[in-house]
Amino acid sequence: MEGIVRGIIKLNPLTEIIFLISVSIISFANNSLKLDVFILLMVAIIALFMGLVKISLKALSMFVLLQGLKYFVLPILPDVISAHFGLLVIHAPKLIPIFLVGQILVKTNPIRNIMYALKMMHFPKSLIISLAIGIRYFPSLREEKILISDAIKIRGVTGFKKIQLGLISLIVTASNTADELAQAITVRGIENPARKTFMDNAGFNIWDLIIILLCILMFFNVKFKLFL
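Along every chain, residues carry numbers that run from 1 in the direction the sequence is written. Under the rules for a predicted model, residues below a pLDDT of 70 receive no local features and side-chain atom pairs below 80 are neither given nor counted, while totals for whole chains, interfaces and linings still include all residues. Side-chain calculation: all heavy atoms of the structure are included, whereas hydrogens and water are not.

## Remarks on the overall build of the protein chain
(1) Moving on: In this description a helix means any DSSP run of H or I spanning at least four residues, a strand means any run of E spanning at least two, and both kinds are numbered starting from the N terminus. Counting its regular elements, the protein chain contains 8 helices and 0 strands.
(2) Moving on: Listing every helix and strand of the protein chain by position from the N terminus yields α-α-α-α-α-α-α-α.
(3) Moving on: Across its three principal axes, the protein chain shows a C-alpha extent of roughly 55 × 55 × 30 Å.
(4) Moving on: Residues classed as buried in the protein chain amount to 36% of the 228 residues present.
(5) Moving on: Contact between two residues is taken to exist if any of their heavy atoms lie within 4.5 Å; hydrogens are not considered. Put simply, 79% of the contacts in the protein chain that link residues at least 6 apart link residues at least 24 apart. Exposure classes here rest on a 1.4 Å probe applied to the protein chains alone. A residue is buried below 20% of its type maximum, exposed above 50%, and partly exposed in between.

## Comments concerning the side chain of N30
(1) Moving on: Topologically, N30 is positioned in the loop between α1 (13-29) and α2 (33-49).
(2) Moving on: Judged by its relative accessible area of 1%, N30 falls in the buried class.
(3) Moving on: From its side chain, N30 meets the backbone nitrogen of S32 in a polar contact 3.0 Å long.
(4) Moving on: Looking at N30, its side chain comes within polar contact range of the side chain of D36, at 3.4 Å. As used in this structure description, the phrase polar contact means that two N or O atoms lie within 3.5 Å; if the pair is within protein, one of them must be able to donate a hydrogen and the other to accept it, and residues adjacent in sequence are counted only when both atoms belong to side chains.

## Comments concerning the nonpolar core
(1) Moving on: To qualify as a nonpolar core, a set must consist of buried Ala, Val, Leu, Ile, Met, Phe, Trp, Tyr and Cys residues joined through side-chain atoms within 4.5 Å. Core analysis: the largest hydrophobic core is formed by 29 residues, its most contacted members being F19, V23, I39, V43, I46, L100 and I104.
(2) Moving on: Of all the secondary structure elements, the ones that give two or more residues to this core are α1, α2, α3 (53-73), α4 (79-107) and α8 (206-224).
(3) Moving on: The dominant element in this core, judged by the number of residues it contributes, is α2, at 8 residues.
(4) Moving on: Excluding its chain neighbours within four sequence positions, the residues that come into contact with I46 are I9, L11, F19, I104 and I211.
(5) Moving on: Within the second largest apolar cluster, 11 residues are counted, among which are L14, I114, A132 and I135.

## Regarding the domain arrangement of the protein chain
(1) Moving on: Domain boundaries in the protein chain define domain 1 (13-109 + 203-227) and domain 2 (124-188).
(2) Moving on: Averaged C-alpha coordinates put domain 1 and domain 2 at centres separated by 30 Å. Boundary definitions for the domains trace back to an automatic or database domain assignment.

## Some points on α3
(1) Moving on: Between its terminal C-alpha atoms α3 stretches 29 Å, which fits the 30 Å expected from 21 residues at 1.5 Å a residue.
(2) Moving on: Among all positions in α3, only I55, S56, A59, F63, L66 and Q67 are buried. In an axial view of α3, the angular spread of the buried residues amounts to 100°, which keeps them on one side of the axis. Relative to its buried face, α3 has exposed residues pointing more than 90 degrees away, namely K54, K58, V64 and F72. One less than the number of residues in a helix, times 1.5 Å, gives the span that helix is expected to have. Throughout, the arc means that of the directions going from the helix axis to the C-beta atoms.

The structure is reproduced here in structure tokens:
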């Protein structure tokens, strides 16, 4: 697992969840390219200040690439090809800022803080536990995949046997990782109905207020077309 990213600013995980929900709704509630660009730039700048430099640059590059395909490549392609790839190119850019806010939430907070924030928002306990396991599961599985790939390369395995060994090892590892995470979360008393305390839960600061005000402003803009 990668460590928690530290940047110039720090947001409360509750604010980040509100930010994620707001960006998800606003991205698909508007049809303005200018507002899409504004949302992405805003999220990218926040991510930069929070220490996610590489991810922000990748998100911006992907957005520019997809918009270039949408406005310059698709119009000159045959209708058959445009019909198959048009939907992906049109909607994928709207997912980029949502993905970026999700990365901010996951990479700048311990899982226990995210669980606490979800609990404060009265999310169902079953959903909170599922999200907590998922956040830990997929990064762990990705690391195991890299290790398996390196081991296969060192042994000089090629061709179909490389795919066979990789898939079998990954399936076994995925099963073992799921069992280990389930045991770990059970040992930590996730099912204990007693009230839990959180030692390092972040407090609210001026940056949290700014983000919440930005969310409100974006909602008003979608509703009343104040700008962009």
